[in-house]
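Next come the chains, spelled out residue by residue.
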Amino acid sequence: MTLARKALAVHLLTATGAVFAMLAMLEAVAGDWNMMFLWLVVAFFVDGIDGPLARRYDVRHNAPNFDGVLLDLIIDYLTYVFVPAYALFQSGLMPGWTGWFGIFVITFASAMYFADTRMKTRDKSFSGFPSCWNMVVLVLFAISPNFYVIVALVALLAVTMFLPVKFIHPVRTKRWRSVSLPMALGWTLFAGWAAWVDFDAQSWALWGLVITSIYLVSAGAVQQLVYGKDG
């Protein structure tokens, strides 16, 4: 296979995320949250591997007819924002006015964040919470906190999108990558496991999900505190 065909294949792999987003949405409309999350986890895994492949095969040079960055942003908005926001609203975790608050804040703030040219830091981390609502909502399904806690969390994360708080990219942020990458892979495994067992409170998957989530959310801020804003 030529390099150009390999680069095109990477674009095609990225585009499968749109299919997984639709499958997740169909399951969400049917109220099958477990299957919805399983499809989102598959999309999350694809999103994790297509970037390194795109850089390896230099898709900008070898398959320039397709904009991989734009394609990735479109699919990320569907799988990271749109489907999870719908699930949060429709599942009853945010009843009444809180549900409307959730979907409006999540979709609006995330649209602005995705268009923000300042979202990446020098070390390839994210500046501000990177709209990973798929991860947040999955954890909320797993632990089912009081809806006022969810309202406060949604508001806090939405504001944090536009604050100079660093969030690591498990693949691209070099510092602590030997820990961050296994943590991200672990999160993917625990997320799929938790959804598969219907978020059983007795499952070890929930503990793994919480531990890996805490690391992924906090590692960037800890790096800022230890090494400074450019660390």
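Residues numbered from 1 in each chain as written. Predicted model: local features only at pLDDT ≥ 70, side-chain atom pairs only at ≥ 80, totals over all residues. Heavy atoms only, no water.

Details of the pattern of salt bridges
1) Next: As enumerated under the stated definition, the model contains two salt bridges in all.
2) Next: D123 is the partner of K166 in a salt bridge, and the nearest nitrogen-oxygen pair spans 2.8 Å. Placement of the pair is K166 in strand β2 (residues 166-167) and D123 in the loop between α5 (97-114) and β1 (126-127), with a sequence separation of 43 residues.
3) Next: For K166, a relative accessible area of 1% corresponds to the buried category. (Salt bridge = Lys/Arg side-chain N within 4 Å of Asp/Glu carboxyl O. Helix = DSSP H or I, 4+ residues; strand = E, 2+ residues; numbered from the N terminus. Buried < 20%, exposed > 50% of the residue type's maximum accessible area, 1.4 Å probe, protein only.)

Overview of a positive patch on the surface
1) Next: Residues R55, K120, K124, K174 and R177 make up a contiguous surface patch of positive charge.
2) Next: Looking at the secondary structure, you find K174 in the loop between β2 and α8 (177-196).
3) Next: By relative accessible area, K174 is classed as exposed at 66%. (Patch = residues over 30% accessible without salt bridge, like charges linked within 9 Å, V, L, I, M, F, W, Y side chains within 5 Å. Areas by Shrake-Rupley, 256 points an atom, 1.4 Å probe, with all protein chains shown as cover. Lys, Arg positive; Asp, Glu negative; His and termini not counted. Charge placed at Lys NZ, Arg CZ, Asp CG, Glu CD.)

Overview of α5
1) Next: The end-to-end C-alpha distance of α5 is 26 Å, a good match for the 26 Å that 18 residues give at a rise of 1.5 Å each.
2) Next: Along α5, the positions that sit buried rather than exposed are T98, G99, G102, I103, I106, A109, S110, Y113 and F114. Down the axis of α5, the buried set is contained in an arc of 165°. They therefore lie on one face. In α5, the exposed positions angled more than 90 degrees off the buried face are occupied by W97, F104 and F108.
3) Next: Contact partners of the buried residues in α5: α4 (68-90), β1, α6 (133-143) and α7 (147-160). (Expected span 1.5 Å × (residues − 1). Arc of directions from axis to C-beta. Contact = heavy atoms within 4.5 Å.)

Some remarks on the side chain of T173
1) Next: Assignment of secondary structure puts T173 in the loop between β2 and α8.
2) Next: Here the side chain of T173 touches S125 through a polar contact of 2.8 Å, side chain to side chain.
3) Next: One polar contact links the side chain of T173 to the main-chain amide nitrogen of H169, over a distance of 2.9 Å.
4) Next: Contact partners of T173, with chain neighbours within four places excluded, come to D123, K124, S125, I168 and Q223. (Polar contact = N/O pair within 3.5 Å; in protein donor to acceptor, adjacent residues only side chain to side chain.)

Description of the environment of L138
1) Next: When you line up the elements, L138 lands in helix α6.
2) Next: Overall, L138 belongs to the buried group, its relative accessible area being 1%.
3) Next: In the structure, L138 is positioned 101 residues away from F37 in sequence and 7.1 Å away in space, judged by C-alpha atoms.
4) Next: Apart from the residues within four sequence positions on either side, L138 is in contact with F37, V41, W187, A191, F199 and L209.

Re the environment of D32
1) Next: Positionally, D32 belongs in the loop between α1 (3-29) and α2 (33-56).
2) Next: Residue D32 is classed as partly exposed on the basis of its relative accessible area of 31%.
3) Next: Separated by 55 residues in sequence, D32 and A87 have C-alpha atoms that sit 9.9 Å apart.

Looking at unusual backbone geometry
1) Next: Positioned with a positive phi, D58 is a non-glycine residue whose angle comes to about 45°.
2) Next: For D58, the position within the fold is in the loop between α2 and α3 (59-62).
3) Next: The backbone phi angle of W176 is positive, close to 65°, even though this residue is not glycine.
4) Next: When you line up the elements, W176 lands in the loop between β2 and α8.

Some details on α2
1) Next: Between the first and last C-alpha of α2 there are 35 Å, a value that for 24 residues agrees with the 34 Å anticipated at 1.5 Å per step.
2) Next: Phi turns positive, to about 45°, at D58, one or two residues after α2.

Let's talk about the side chain of S180
1) Next: Tracing the backbone through its elements, the reader meets S180 in helix α8.
2) Next: Polar side-chain contacts of S180 include one of 2.8 Å to the side chain of Y215.
3) Next: Residues in contact with S180, not counting those within four places in the same chain, are I168, P170, R175, Y215 and L216.

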